[in-house]
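Descriptive analysis of the structure
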Amino acid sequence: MEASVTDPLDTERIREDFPILEREINGSQLVYLDNAATSQTPEQVIDTITEYYRTYNSNVERGIHQLSQEASIAYEDAHDRVAEFIGASDGEEIIFTKNTTEAVNLVAYAWGLAELGPGDEIVTTEMEHHASLVTWQQIGKRTGAEVKYIRIDENGYLDMDHARELITDDTKMVSAVHVSNTLGTVTPISELADIAHDHGAYLFVDGAQSAPNRPVDVTEIDADFFAFSGHKMCGPTGVGVLYGKHAILEEMQPYLYGGMMIRKVTYEDSTWEELPLKFEAGTPVISQGIALAAACDYLDEIGMERIQRHEEALAEYAYEELTAADDVTVYGPPGADRSGLVSFNLDSVHAHDLSSILNDYAVAIRAGDHCTQPLHDKLGIAASARASFYLYNTREEIDKLIEGVDAARSIFS
Ligand code: C6P
């Protein structure tokens, strides 16, 4: 019988799919709470990669032989599968990149350099990851377009009144993170799409922290571009996705040249292949793309709504447990209204020391600025500790995190 969206996840069963979770670190079983950086990979995805290399490894779209044909079909199908996963029309709207970072750079270089100039504005938010913040900042410097930042309020929410103030007819691009990798804030993305479109601007959504853990429908959101990474959603490293609306991608010129993106070349000029090949220069990410499709199958089989509920419940529990102590500061919205991660500081202990002590307890978290330095500056801190959860994590693992935090407190007091 198929599980309903309200059925809790059977984490015990799910954990059997992830061999790495059996590992011991310093004599204790690994507690992996660094999923916002990179998630772990289930057997089903590992098997897909192994099968590719064992049975049909070949270059794509350029061989007549059997292996190349098999690889080409699997690679094309992978685009269609990813399109289905995020509600795109078809595989032509799905460009495989190396990661989210490359996806935003693709839009910034291919669209931004051609379309932006002095007097134009790019509106983004104060909680962007460097991948988009720095990219738009640099494109702004090169084109003369001004970059403006929508404020985050004291509770970690995007100030939508400020968004309405900043987005004007001069705005050509609104670029927003869907889920903040530092605050866990969920951006009201459809509202932002409406505001952007009312002023004739495009909306670029950084979905690196949303595609892995909640149902995403780019058509319903009405995003013009949407980017995410395979390695944060049970897929392999080395593959990311840029979704773009068909008509916009058609208009854009390529950003990298060579390989199967080319249709005809003379010494004088060249023409380009159809989408998505036009933006996938050189030998593409073949095994990774195929494995990403397997990750989509894996996640959909469990159910994205169930994964979202599971993660949010864990984040709420972690928030409550951490804030029960007076010397812990948690950043971002309340526990009941955030995605599955918690960034925090313990008064007496630097985040790096905390992470190091937690490692002694086999608890893996991230410490640092999480590639959001301006946001950390705004919060008045240099670094924070971050625990981030996924479908295989349990409340017991959060209890181990809290035990480690308690141990760090006593060591440093
Ligand atoms: N954040 C984290 O630990 P790449 O590295 O290209 O796959 O993803 C970049 C990226 C873009 N946007 C957001 C919101 C992200 O969280 C990330 C990656 C990791 O938070 C590594 S810094």
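My aim in this report is to walk through the structure given alongside it, one point at a time. This structure is a prediction, so every number in the text was calculated from the model and none was measured. (Residues numbered from 1 in each chain as written. Predicted model: local features only at pLDDT ≥ 70, side-chain atom pairs only at ≥ 80, totals over all residues. Heavy atoms only, no water.)

Okay, the nonpolar core next. By size, the foremost hydrophobic cluster in this structure holds 77 residues, and its most contacted members are Ile86, Ile94, Phe96, Leu192, Phe226, Leu299 and Leu391. When residues of this core are assigned to their parent elements, the largest contribution, eleven residues, is made by helix 10 (residues 286-302). Counting the residues that make up this core, at least three belong to each of domain 1 (11-38 + 303-412) and domain 2 (46-301). Sequence-distant contacts of leucine 299, defined by excluding residues within four places in its chain, comprise Phe85, Pro212, Met233, Cys234, Met304, Ile307, Tyr390 and Leu391. (Core = buried A, V, L, I, M, F, W, Y, C linked by side-chain atoms within 4.5 Å. Buried < 20%, exposed > 50% of the residue type's maximum accessible area, 1.4 Å probe, protein only. Helix = DSSP H or I, 4+ residues; strand = E, 2+ residues; numbered from the N terminus. Domains from an automatic or database assignment. Contact = heavy atoms within 4.5 Å.)

Close contacts around the ligand come from 18 residues, with Thr101, Asp206, Ser229, His231 and Arg366 the closest. One of the side-chain N or O atoms of arginine 386 is found 2.7 Å from an oxygen atom in the ligand. In the complex, the protein chains occlude 90% of the 510 Å² of accessible area that the ligand would expose alone. Mapped onto the domain boundaries, the shell around the ligand takes at least three residues apiece from domain 1 (11-38 + 303-412) and domain 2 (46-301). (Near = heavy atom within 4 Å. Polar contact = N/O pair within 3.5 Å; in protein donor to acceptor, adjacent residues only side chain to side chain. Areas by Shrake-Rupley, 256 points an atom, 1.4 Å probe, with all protein chains shown as cover.)

Counted under the stated rule, the structure contains 13 aromatic pairs. Through a chain of ring-to-ring contacts, three or more aromatic side chains come together here, namely Trp111, Trp136, Tyr202, Phe204 and Phe225. (Phe/Tyr/Trp six-rings, centres within 6.5 Å; stacked < 30°, edge-to-face > 60°.)

Turning our eyes to something else, we now look at the packing of helix 10 against helix 11 (residues 304-323). Packing of helix 10 against helix 11 leaves a shortest axis separation of 5 Å and a crossing angle of 75°. Viewed along their axes, helix 10 and helix 11 adopt a mutual orientation that is roughly perpendicular. The segment helix 10 lies against helix 11, with Leu299, Asp300 and Ile302 engaging Met304, Arg306 and Ile307. Tallied by class, the residues present in the contact of helix 10 with helix 11 amount to four nonpolar, no polar and two charged. (Axes fitted to C-alpha atoms, helices over the stretch in contact; angles between N-to-C directions. Parallel < 35°, antiparallel > 145°, perpendicular 65-115°, else oblique. Nonpolar A, V, L, I, M, F, W, Y, C, P; charged D, E, K, R; others polar.)

Okay, the sheet that holds strand 14 (residues 341-346) next. Within the open sheet, the four strands sit side by side as 13-14-17-16. Their pairing is antiparallel. In the strand order of this sheet, the two ends are held by strand 13 (328-331) and strand 16 (366-368), each with one partner. Put simply, the sheet's adjacent strands are angled 30° from each other on average, direction ignored. As paired elements, strand 16 and strand 17 (residues 384-388) share three bridges and run antiparallel to each other. Opposite alanine 367, over in strand 17, you have alanine 385 as the bridge partner. Against the sheet, helix 11 contacts strand 13 and strand 14, and its axis sits at roughly 10° relative to strand 14. Taken strand by strand, helix 12 (residues 351-360) contacts strand 14, strand 16 and strand 17, and its axis lies near 160° from that of strand 16. (Pairing = 2+ DSSP bridges.)

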